[in-house]
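An overview of the molecular structure
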Amino acid sequence: MIYDIRLTIEYVYRAPVAGGRHVLYMTPSQASSQRVITSLLDITPAPDERIAMTDFFGNTAVEVAFRAPHAEIAFRLRARVERIAPEDKPDISPALPALASELAGLRSLAADSPHHFLADSPRVRAQPEFEAYARAQVADDKQTVCAIVASIGQALDRDLTFDPGSTNVDTPPEEAFAARHGVCQDFTHIMIACLRSIGIPAGYVSGFLRTRPPPGEERLEGADAMHAWVRAWCGGATGWVEYDPTNGIWVKDQHIAVAHGRDYGDVAPVRGVVRTSGGQTSKQAVDVMPLGET
Amino acid sequence: MSSAKPQTGPDAVTRLLAGYRPLPGVSDELLDAAGAVRPAWRGFISHVAAMAPEEISHRISQGDQYLRDAGVFFRQYGDGQAERAWPLSHIPVIVHESEWGTITEGLIQRADLLESIVADLYGSQRLVMEGHLPASLVAMSPEWLRPLVGVRPRSGQFLHFIAFEIARGPDGQWWVLGDRVQAPSGAGFALENRVATARVFPDHYARANIHRLAGFFRAFRDMMNDLRGDTDSRVGILTPGRLNDTYFEHAYIARYLGFMLLEGEDLTVENGQVMVRTIAGLEPVSVLWRRIDAAFADPLELNEQSRLGVPGLVEAVRRGQLAVVNALGTGILETRALLAFMPRIAQALLDEPLKLPNIATWWCGQESERAHVLAHADRMMIGEALSTRMLFDSEDRTHLGATLAERQQSLSDMIDRRGPMLVGQEAVTLSTTPAMVDGALTPRPMSLRVFLARTPRGWRAMPGGYARIGRSQDATAIAMQRGGSVADVWVLSDKPVRNETLLPSPAAPYKRSRRVELPSRAADNLFWMGRYVERAEGLIRMLRAWHVRLAEAGRDDTPLLTHVRSFPGFHDADPTSEAPGALLAAISAATASASQVRDRFSIDGWNALNDLAASAQAELGNVSPGHASARALGRLLHRVTGFSGLVHENMYRFAGWRFLSIGRSLERAVNMCEALAWFAAEAAPEGALDLVVEVGDSVLTHRRLYAVATGRSTVIDLLACDANNPRSVLYQLAEMKEQVSFLPGAQEADGMSELSRAILKLHAEIAVAAPEDIDTARLMDLRADLWRASDLLTQAYLR
């Protein structure tokens, strides 16, 4: 499926800020599951520095710097991306004890190594409540890791209410989980915490979701802004799989990935936002249409 | 001094050490196993034994006086941010150079090993791939900084200045307790300990062959300057600021080595080059000795919560335009669990065993290690695997296994549940060294911090260091958590040592070092310090005038006192009850500004300011209105003018002094405009003119010049228009005009700067004005113009 993507993120500061430096994770990534046809990021005012960079996890990012005082910034992305749905394969993933020994024998710190995704990360920390919840979703010690991922994802989709406005980008997962409310970022952080707590390496994917569903299907939650979902490691043979807990589905061809990391902090669309005493407002608009529908 | 005859010889030593009893099963630095004084200590102990007890205590108080005068203090987090007196234990720890040689040989091997490990972890990762280090341990460390993976440091090396904490075990063997590479502190304190201890034992220090420290610091300074390469750029020390517990040391060492002391907000990054904001614009910095943890160095790519760092710093490192000492990411070497793998890594990387063993450690992330720790818990300390704190850090959460083992179940639960987060470490015992406790030498446990710097010819160890002395007889390492004191470390040679100093020798041709521009933040603090001190002085004079008249009138509702009470300069504060608070606030604001520029401010000046703050608290505390208050304020006025005199007479006319001076002149001119506008107004009551002349410290001058009673025009003439009266507005404008002309950019290509023009214009206006033309409205306009000049100064230099 080929999509046309438009994303606008704007900041308006009440008092002009003296200058600033940002790292942007906004452009779709090139991967086996998706092919970037075009991708253009337009920034106003024009930054004084603009550097393309590749981060540790292999994501592409743009670093920009402004030297002159400014009261507004707008980032506008226009991209065309082909998304390829992964093939349905039989579940050959191991059970939890076998996953643990596989991990113990894995001597790698390469970008894709699951070791990066098991310990606490700045925004996702181990808590007993996540472990208790995760354990309750595991049928027995023979259940495969892939099945456990789906089972935890479905449970969260069932038990948590999607509720824009109940949380913000800095809400800790513990808080959102206690209230059983949140947006895609909270669903994703909570699921990552649950998976890690029982030894399944898990990370955060940010990206886009098709705005309008295919005819006859239900509209997915989280299409009005940038979206987030989970990636989990199900053993060497299966590798990484992606699950969207906000909608309770495996990721197929309605999701377009921008970047992945340990949690939101690694891939926030705009890093280095200036906090001014005068305050600020921000706006985000996303439009993801299959080619031909635009 | 005592009249007792100096005693010498073996008898005196016997008497001195009569009560000195080393602990069973613990090594002692002073006495060997047979109870004899070790050779390295003999000269020193005979010297001390020959002194009368009163002389010893007199000498000790001289050392302490030096530390107070030098302003050495430390600050503890969570301790009301109070500065504490430096806890020097006056008896040095003495080590013979042959033994020291063995120690440093082992530490140099370890330094090379640490360099290889960190280069591997940020490079080819052979240690992980070959199984010498578990991948999961590295991956879960918050000190392994992913944005730095694959980045080679500009200099080619990650480590340039490191420290080790070492201790001697019961068998006499030295052990490494921990590696300090993130931002090792203590080298500056070691210098101060040396100066103070040398003052306690000056004659002995001068003739005993004790290695000097300056050569080490010179080598380090040269290395840092060399790291700049052939660029025209600066070396800076990046400090978290004055609230940090070791800020004193940062300021001290910056002054000692001649590096700029910088905070994150002093710096910005342009096209990958770190720049310092100075009063003359941006200037490049290519070497930073960081005293902040790496994660805080760049909020953009590292810890996003950091307010101490510089956005873009990592990019500057990546582009090879900045050398950071030690490199960002080296903090992972402090991870406690790493100690468990050091012996094996030494074999793998160096093909040799560790020359100095480190404290035996087991990481509970592995099955067999976990079992070992459980089985031997009674001889273990159980602590956090990822901790980078030292064992004796008061915030460390290490426990003796023996206390946990009593609850056997809880320990095995804990290890089961949190294994990978825990280490077991052998519960080591330290050696003891003599400390003076209640006038008698007493054994106290100690550990040493030893510093190493990289030079073009390899690692060089500081011949000396920094000893921590325990506060009780408990010699277990963990007991050091309870704090204690510090001592100098003397490395004794059999041959005469070179007497070195970092000061240039008088014989060498004198070279003035290149001009380094003043950072804008330092200029800002000096400017405001000047303003606050002057504000305090103005308030003192006004309050004294109030209390004098209150005493004369015996009541506070006379027309004059009512007029004084509503003086706008009091901002509606009642002069008796509330204005003293405003005065204290001005003084503490001045102290706060001064404390941010301690590296540029003389110790005498700092002490005078602190004396002023202390006496203001005391004088204004509980004093009755009228005469008593007036007298107290008079005493305070002496202090404040004493401070101003010190600054004015003794401070070199650096750019920093000019900002201080401009701040003072500006504040004085503004205050005088305000006072004249109020007290020389048409409607002001009888006595107001005399009062403002008194506040302007010009009573005698007025009498001499005019020989008539005060009138509006004579008062305005003297306090606004007189070019020779240091209290007049015109005089202050002339001062500002002069100082501003020395600032960078005062003369621009197309003429004068906006600030110079503004001040010149004000000066010219007042210089030609007749006293009659200067009415209240004109004075208020002038005051507003002065504020505008202050804004122009801020825009041009202070941001």
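Time to look at the domain arrangement of chain A. Residue and element names in this part refer to chain A. For chain A, the domain assignment lists domain 1 (2–84 + 269–290) and domain 2 (96–267). Here the C-alpha centroids of domain 1 and domain 2 sit 24 Å apart. Listed as interface residues are 23 residues of domain 1 and, on the opposing side, 17 residues of domain 2. Put simply, the parts of the chain that give the side of domain 1 that touches domain 2 at least two residues each are strand 1 (2–17), strand 6 (70–83) and strand 15 (280–290). Per-element accounting of the side of domain 1 that touches domain 2 gives the leading share, five residues, to strand 15. Residue composition of the side of domain 1 that touches domain 2, grouped by class: 15 nonpolar, six polar and two charged.

This paragraph deals with the interface of chain A and chain B. On the side of chain B, 20 residues touch chain A, which itself brings 19 residues to the contact. When contributions to the side of chain A that touches chain B are tallied by element, the ones reaching two or more residues are strand 2 (20–24) and strand 5 (60–66) of chain A. Among the residues forming the side of chain A that touches chain B, the class breakdown is seven nonpolar, six polar and six charged.

All names here are of chain A. One open sheet holds the four strands; their spatial order is 3-6-1-15, and the pairing between them is antiparallel. In this open sheet, the two strands that pair with only one neighbour each are strand 3 (34–44) and strand 15. The average undirected angle you get between the axes of adjacent strands in this sheet is 10°. Where strand 1 lies against strand 15, eleven bridges are found, and the strand directions are antiparallel. Residue pairing in the sheet places Tyr13 in a bridge with Gln280 of strand 15.

Moving on, we come to the packing of helix 16 (residues 520–553) of chain B against helix 22 (residues 688–695) of chain B. Residue and element names in this part refer to chain B. At a closest axis distance of 9 Å, the pairing of helix 16 and helix 22 adopts a crossing angle of 140°. On the basis of the axis angle, helix 16 is oblique to helix 22. Two packed elements cross with a definite hand, and for helix 16 against helix 22 that hand is right-handed. Contacts between helix 16 and helix 22 involve Arg541, Met542 and Ala545 on the former and, on the latter, Leu691, Glu694 and Val695.

Our next topic: unusual backbone geometry. In this structure, the amide linkage connecting Thr44(A) to the following residue, Pro45(A), adopts the cis form with an omega of -10°. Mapped onto the elements of the fold, Pro45(A) is located in the loop between strand 3 and strand 4 (49–54). Note that the residue after Val325(B), namely Asn326(B), is joined by a cis bond; omega there is -15°. When you line up the elements, Asn326(B) lands in the loop between strand 11 (323–325) and helix 12 (342–350). With a phi angle near 60°, Gln125(B) is a residue other than glycine that sits in the positive phi range. Along the chain, the position of Gln125(B) falls in the loop between helix 4 (97–121) and helix 5 (126–129).

This next bit is on the pairing of strand 18 (residues 458–461) of chain B. All names here are of chain B. Here four bridges tie strand 17 (residues 440–455) to strand 18, and the two strands are oriented antiparallel to one another. Note that in strand 18 the partner of Thr455 across the bridge is Gly458. Here strand 17 folds back onto strand 18, and the loop between the two strands holds two residues.

On to the domain arrangement of chain B. All names here are of chain B. When its domains are assigned, chain B resolves into domain 1 (1–212 + 334–359 + 428–497), domain 2 (214–325), domain 3 (360–426), domain 4 (518–651) and domain 5 (653–799). Of note, the centres of domain 1 and domain 2, computed from C-alpha atoms alone, are 27 Å apart. Listed by partner, the interface residues are 30 residues for domain 1 and 31 residues for domain 2. Where the side of domain 1 that touches domain 2 is concerned, the elements lending two or more residues are strand 1 (73–75), helix 7 (187–200) and strand 17. Here the side of domain 1 that touches domain 2 is built from residues that sort into 17 nonpolar, eight polar and five charged.

Packed helix pairs are characterised by how far apart their axes lie and by the angle those axes make with each other. Residues and elements named next belong to chain B. At a closest axis distance of 7 Å, the pairing of helix 3 (residues 53–70) and helix 7 adopts a crossing angle of 145°. Note on packing geometry: the crossing formed by helix 3 with helix 7 is right-handed. Judged by residue contacts, Arg59, Ile60, Gln62, Gly63, Tyr66, Leu67 and Ala70 of helix 3 engage Glu192, Val195, Ala196, Thr197, Arg199 and Val200 from helix 7. Class assignment of the residues belonging to the contact of helix 3 with helix 7 gives a composition of seven nonpolar, three polar and three charged.

All names here are of chain B. With 91% of its residues at a pLDDT of at least 70, chain B reaches an overall mean of 87. In the model, residues 1–5 has pLDDT below 50 throughout and makes five contacts with residues more than four positions away in sequence or in other chains. Note on residues 508–512: pLDDT is under 50 here. Beyond four places in sequence and across chains, it has one contact. Two numbers describe this predicted complex: its pTM, 0.85, and its ipTM, 0.94.

Residues and elements named next belong to chain B. The residue Arg180 is located in strand 5 (residues 174–180) in this model. Along the chain, Arg180 and Leu422 lie 242 residues apart, while their C-alpha atoms are 20 Å from each other. Excluding its chain neighbours within four sequence positions, the residues that come into contact with Arg180 are Ile162, Ala163, Phe164, Glu165 and Glu334.

With that settled, consider the sheet that holds strand 12 (residues 249–250) of chain A. Residues and elements named next belong to chain A. Across the sheet, which stays open at both edges, the five strands sit in the order 12-11-10-9-13 with antiparallel pairing between neighbours. Every other strand in the sheet has two partners, leaving strand 12 and strand 13 (255–261) as the edge strands with one partner each. In the packing of helix 5 (residues 184–197) onto the sheet, the strands contacted are strand 9 (202–209) and strand 10 (227–233), and the crossing angle to strand 10 comes to about 15°.

Here is what the cut-offs are and how they apply
- Residues numbered from 1 in each chain as written.
- Chains lettered and ligands numbered in written order.
- Predicted model: local features only at pLDDT ≥ 70, side-chain atom pairs only at ≥ 80, totals over all residues.
- Domains from an automatic or database assignment.
- Contact = placed C-beta atoms within 7 Å.
- Helix = DSSP H or I, 4+ residues; strand = E, 2+ residues; numbered from the N terminus.
- Nonpolar A, V, L, I, M, F, W, Y, C, P; charged D, E, K, R; others polar.
- Pairing = 2+ DSSP bridges.
- Axes fitted to C-alpha atoms, helices over the stretch in contact; angles between N-to-C directions.
- Parallel < 35°, antiparallel > 145°, perpendicular 65-115°, else oblique.
- Left-handed = near helix turned anticlockwise from the far one by under 90°.
- pLDDT = per-residue confidence, 0-100.

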